[in-house]
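# Residue-level structure breakdown
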Amino acid sequence: MIEAAMEGLAGVLQPEALMFMCLGVLIGSLVGFLPGIGGPSTLAIMLPFVMTMKDPLLVIALLVGMDAVGNTASAFTSILISVPGSSGSQATILDGHPMAKNGEAARALSASFVASLLGGLFGALVLFASLPALRPLVLSFSSPEFFILTLWGISMVGVLSGNAPIKGILAGILGVLIGTVGLDAKSGIERFSFNVSYFWEGIDLVLVALGIFGIPEVIDLAGRKGAIAKAEEFGRGYIQGIVDCFRHWWLLLRTSIIGAWVGFLPGLGSSVADWFAYAHAVQTEKNRERFGKGDVRGVIASEGSNNAKEGGDYIPTLAFGIPGGTSTALVLTAFVAVGIKPGPDMLTSQLNLTFAVIWTLVIANILATALCMIFARPITRVCFLPFYAVVPPIVAFIFIGAFAANFHSYDLTALMIFSLLGFFMRRYGWPRAPLVLGVVLGDKMELYLWLSYTRYGLEWLARPMVIALIALLLASIAYSILTGRKHRRDVEGSLAKA
Amino acid sequence: MRKKLLTSNLIPYFTVCLLALTSSLFAADQPFYEGKTIRFIIASGPGGGTDTAGRLVARFLPKYLPGNPKLIVQNMPGGGGTIANNYFANEVKPDGLTIMQDSSSGVANFVRGGPTIKYDPRKLKLIGGVARPGSLLLIRNDAQARFTNRSAKPVVVGDTDGIRNWIAMTVWGAEYLGWNLRWIYGYPGSRELQLAIRQGEIDMWATQNAKLVNDLKREGVAQVVVTEEDHRREDFPDVPTFIELLGAKKPTGLAWQAYVAWAGAPELDKFLVAPEGTPDHLVKSLRDAFNKAMKDPEVDKEGDKFFGDGWKPISAEKMEAVIRDHIAIPKEAKDLITKMRQKYGLPVGETKS
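What you see is a predicted model, and the numbers here were worked out from it, not measured in a lab.

## Overview of the overall build of chain B
A count of helices and strands for chain B gives 13 helices and eleven strands. Principal axes of the C-alpha set define a box for chain B whose edges measure 115 × 45 × 35 Å. Residues classed as buried in chain B amount to 48% of the 353 residues present. Of the contacts formed within chain B by residues at least 6 apart in sequence, a portion of 79% connects residues at least 24 apart.

Right under this line is the structure:
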């Protein structure tokens, strides 16, 4: 194994491979930085070029390098202008953008990049550590287990609702309903599509996130007539963000585990990891009242998990040729074209290529973090610009990002509707995160409940893994309620003393 | 003097005429596609069969089109190809500069009908098609004992929407060969189905992916029961066709007509089209280029990697006929399909009469 590991490392360190990896990291970072332009589209554009390449190591360096870092640079727009650069960075907005408004953009960005780096390295480590158990690990989750996981995710709505639990639950239900729009594959019935084929594929999550988070912040900024950051400072927070990551190492480790776990479960999707991790942080950390108002732990949790997910994604891809997500599906197409055969061969005759993937994940994450750190300072200046210089390009940015979702004029109409909804929710104190979480998980929850019931009847409730997961779910809800009560008692106690 | 004047006046005329004639001759020599860009719409998202077939054709088509135009690929996902087909039929200019990679889903949705369908596949100008080898029906090794034993727990067939072409084989197998089956559907795609058959959540599934089938056989997970093709596949010579399995039990008349209508012709898979009204000479250029591209040894090699050895190009004329035949299903056959779907608990959907 050591020999194969060294062979894989030597392969990706050869000058040509390194050059391709740098190119991949550059493209991946740029795609992550630009909202709406997804990794899958860019990978699809690159496929014809990649298929002419003969050396599998170069293909791994380029594509895995590009795929591994998309969620690192996406934090720029999430934190600075409240626009998610990729679907994996939505939860970063919740604390990242308030930090930018509080004059802590540099701290949020550096914490985000270092968390991304450490999360990415952890993902690679998980991939390495799981090599012996790669296949049984993937096979241990069926539809009933997936259903309980989505249920667990939905239960986080309560955690994400802050001081408005009823409004949060209603927003979550609305999100689930939005997730049901489209052609139902199970029955062939159109739901809420009003005889318009645009709705058949459902509402694109990118549009919901851009509308709910992006435009309301722009309106707020224009209304305040100031800059994004209330204080014009940069320096001190930069190092602080790095220190934060190490100070909260236990949280970072836990959320990286969540990210890698979500990654290796094909079927949960790329936009789930950051939400699961963020909700876990809010649920389990002490002094949770700062969450949502600019707590660096929110940024660390979200960004650590979304990069760790990439390593996890490659577990089913390499073990069976079952891609973890759309991006890995395209990477897999290129792999097959250049003679890489996902499956048992990846653990025997092609073990060096498996290690090349692992090393690429490691090196690409380091390169992307260095790149983002270099550009952090000049890009952060956007926070200090007056609103009239920032608002028009951000609005253009959001609309271009929305149009890039499907290149359909209805995308812009949908964006405007969700922008209005987001604006009113923000104005009247309705938590917006539960709505997005509802959209992310609603259709998956319905799908896996349907599959569980049609396949197993009620017998699925007696599966050992399901029982274990339900116990964990109940324990996590109970823990959340108990710590919430304790927190309230502490606050009341300190108020009484005062 | 007059003659000289006339001559001197005529010289510029002649020059202009000569120039015009030369330039028109030159223009006639200049291929239509030279310096132009073709927009190549793929009626699906990135990844998947339609996208792979489209990108394979898109890579090689410009090489064989006189003038070697540039080509830009654009994915247009949604509604199983409906969004792209509606757009293509109603918005695209028939100037030979926009073409579309479509698939059997576009035809199936048209047959299924409904108010969202605003196109007619029969009106499109066919350029050519690509047909992957027919599906291979797999059964898990641990489910084989229950396959024909109706007193045992039924073998679970998994699918995305319960209306795929190969599902017809399982329904007719249950009806005429006594296969002990039940169906569950709703899986998002082949990724989830592959995982489900490996886990044992489903026992039966069909795929065209020869590499995957060989992997599942080698790992001792599943065996191939039958192929939906009319002839045995060269890469799976031991696997019988469905007609062979039916043998003397093969139904006749309307029952077989309904089966053929549901299962579809093996050639109806992926195809390239130009919009209605595209000038004939441009359609001919595109067809010629497609046919030449399909003979390129590199296309053959690349196609084998993605589709397996048995994939084949289909001519535009053949494809046109296949699509017409598929759409012209008699009402009685449609009704019988609906009845069979209802009988076996499969989704019926909306049918166009």
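Next comes the rest of the description.
## Focus on the sheet that holds strand β1 (residues 37–42) of chain B
Residue and element names in this part refer to chain B. Pairing in this open sheet of six strands is mixed, and the strands run β2-β1-β3-β10-β4-β11 from one edge to the other. Two strands in the sheet have a free side with no partner beyond their single neighbour: β2 (70–75) and β11 (312–314). Here the strands of the sheet are splayed against their neighbours by 20° on average, with no regard to which way each runs. This element, helix α2 (residues 48–64), spans β1, β2, β3 (98–103), β4 (125–131) and β10 (270–274) of the sheet and lies at about 170° to β2. Sitting on the sheet, helix α12 (residues 316–327) is in contact with β4, β10 and β11, with an inclination near 90° to β4.

## Comments concerning the nonpolar core
Grouped together as the largest cluster of nonpolar side chains are 258 residues, with contacts concentrated most on A:L63, A:A105, A:V208, A:A364, B:L137, B:L138 and B:M204. Sorting elements by how many residues they give to this core places helix α18 (residues 351–380) of chain A first, with 15 residues. Every residue in contact with B:M204, bar those within four places of it in the chain, is listed here: B:L137, B:L138, B:I139, B:V155, B:V156, B:V157 and B:L181.

## Describing α18(A)
For α18(A), built from 30 residues, the straight-helix expectation of 44 Å at 1.5 Å per residue is met to within 8% by its first-to-last C-alpha distance of 42 Å. Along α18(A), the largest kink reaches about 30° and is centred on A:I374; proline A:P378 follows within four residues of it.

## Here's the deal with unusual backbone geometry
All names here are of chain A. Phi at S82 takes a positive value of approximately 60°, unusual for a residue other than glycine. Looking at the secondary structure, you find S82 in the loop between α6 (75–81) and α7 (92–101). Judged by C-beta crowding, with 28 C-beta atoms within 10 Å, S82 ranks as buried. Positioned with a positive phi, F192 is a non-glycine residue whose angle comes to about 50°. Residue placement: F192 occurs in the loop between β2 (189–191) and α12 (205–224).

## Focus: the interface of chain A and chain B
Taken together, the contacts link 36 residues of chain A with 34 residues of chain B. Those elements that provide at least two residues to the side of chain A that touches chain B are α3 (39–51), α17 (326–337) and α21 (433–456) of chain A. At six residues, the largest contribution of residues to the side of chain A that touches chain B is made by α17(A).

## A word on the pairing of β4(B)
Within a regular strand, the side chains alternate between the two sheet faces. Residues and elements named next belong to chain B. Of all the seven residues making up β4, seven are buried; the element is thus mostly covered by neighbouring parts of the structure. Of the pairings in the sheet, the one linking β4 to β10 comprises five bridges and is antiparallel in character. Residue pairing across strands places G129 opposite F271, the latter belonging to β10.

## A short note on the packing of helix α1 (residues 2–13) of chain A against α18(A)
Residues and elements named next belong to chain A. Interhelical geometry of α1 versus α18 gives an angle of 55° and a closest axis separation of 7 Å. Regarding the angle of α1 to α18, the classification is oblique. Crossing of α1 over α18 shows right-handed handedness. The residues of α18 that touch α1, namely those facing A4, A5, E7, G8, L9, G11 and V12, are L351, N352, L353, F355, A356, I358, W359, T360 and I363. Here the contact of α1 with α18 is built from residues that sort into eleven nonpolar, four polar and one charged.

## Points about the packing of α12(A) against helix α20 (residues 409–427) of chain A
Residue and element names in this part refer to chain A. With their axes 7 Å apart at the nearest point, α12 and α20 run at an angle of 55° to one another. On the basis of the axis angle, α12 is oblique to α20. At the point where α12 passes α20, the crossing takes the right-handed sense. On α20, the residues that touch L207, V208, L210, G211, I212, F213, I215, P216 and I219 of α12 are D411, A414, L415, F418, S419, L421, G422, F423 and R426. Here the contact of α12 with α20 is built from residues that sort into 13 nonpolar, three polar and two charged.

## Some points on the domain arrangement of chain B
How large an interface is tends to be reported as the accessible area lost when its parts come together. All names here are of chain B. Domain boundaries in chain B define domain 1 (37–132 + 267–327) and domain 2 (136–264). Each of domain 1 and domain 2 was reduced to a C-alpha centroid, and the two centroids are 28 Å apart. The interface of domain 1 with domain 2 comprises seven residues on the first partner and seven residues on the second. For the side of domain 1 that touches domain 2, the residue count by class is one nonpolar, four polar and two charged.

## With respect to the environment of B:L137
Within the secondary structure, B:L137 sits in strand β5 (residues 136–140). Residues B:L137 and B:I41, 96 residues apart in the sequence, show an inter-C-alpha distance of 32 Å.

## Let's talk about the confidence of the model for chain A
Averaged over all residues, the pLDDT of chain A equals 83, while 92% of them reach at least 70. Averaged over each element, pLDDT in chain A is lowest for α3(A) (73) and highest for α20(A) (92).

Conventions used here
- In this convention, every chain numbers its residues from 1, walking through the sequence in written order.
- Throughout, the order in which chains and ligands are written sets their labels, letters from A for the former and numbers from 1 for the latter.
- With the structure being a predicted model, the display of local features is reserved for residues of pLDDT at least 70 and the display and counting of side-chain atom pairs for 80 or more, all residues being used for whole-chain, interface and lining totals.
- Here a helix means four or more residues in a row that DSSP labels H or I, a strand means two or more in a row labelled E, and each is numbered from the N terminus.
- Residue burial here comes from a neighbour count, namely the number of other C-beta atoms, placed from the backbone, that lie within 10 Å of the residue's own C-beta, with 20 or more meaning buried, 12 or fewer meaning exposed, and in between meaning partly exposed.
- The contact criterion used here is simple: two residues whose C-beta atoms, placed from the backbone, lie within 7 Å are in contact.
- Should DSSP find at least two bridges between two strands, the strands are taken to pair.
- The convention used is that axes are lines fitted to C-alpha atoms, helices contributing only their stretch in contact, and that angles between N-to-C directions extend from 0 to 180 degrees.
- Linking buried Ala, Val, Leu, Ile, Met, Phe, Trp, Tyr and Cys residues through C-beta atoms within 7 Å yields a set, and such a set is a nonpolar core.
- Expected helix span is given by 1.5 Å per residue-to-residue step, counting one fewer step than there are residues.
- Consider a residue and the seven residues that end there alongside the seven that start there; fitting an axis to each set, the bend is the angle between those axes.
- Each angle receives one of four descriptions, namely roughly parallel if under 35 degrees, roughly antiparallel if over 145, roughly perpendicular if within 65 to 115, and oblique otherwise.
- Each crossing gets its hand from how the near helix is turned against the far one by less than a right angle, where anticlockwise is left-handed and clockwise is right-handed.
- The residue classification treats Ala, Val, Leu, Ile, Met, Phe, Trp, Tyr, Cys and Pro as nonpolar and Asp, Glu, Lys and Arg as charged. All others, Gly included, are polar.
- Just so you know, the domain bounds were taken from an automatic or database domain assignment.
- pLDDT expresses how confident the predictor is about each individual residue, on a scale running from 0 to 100.

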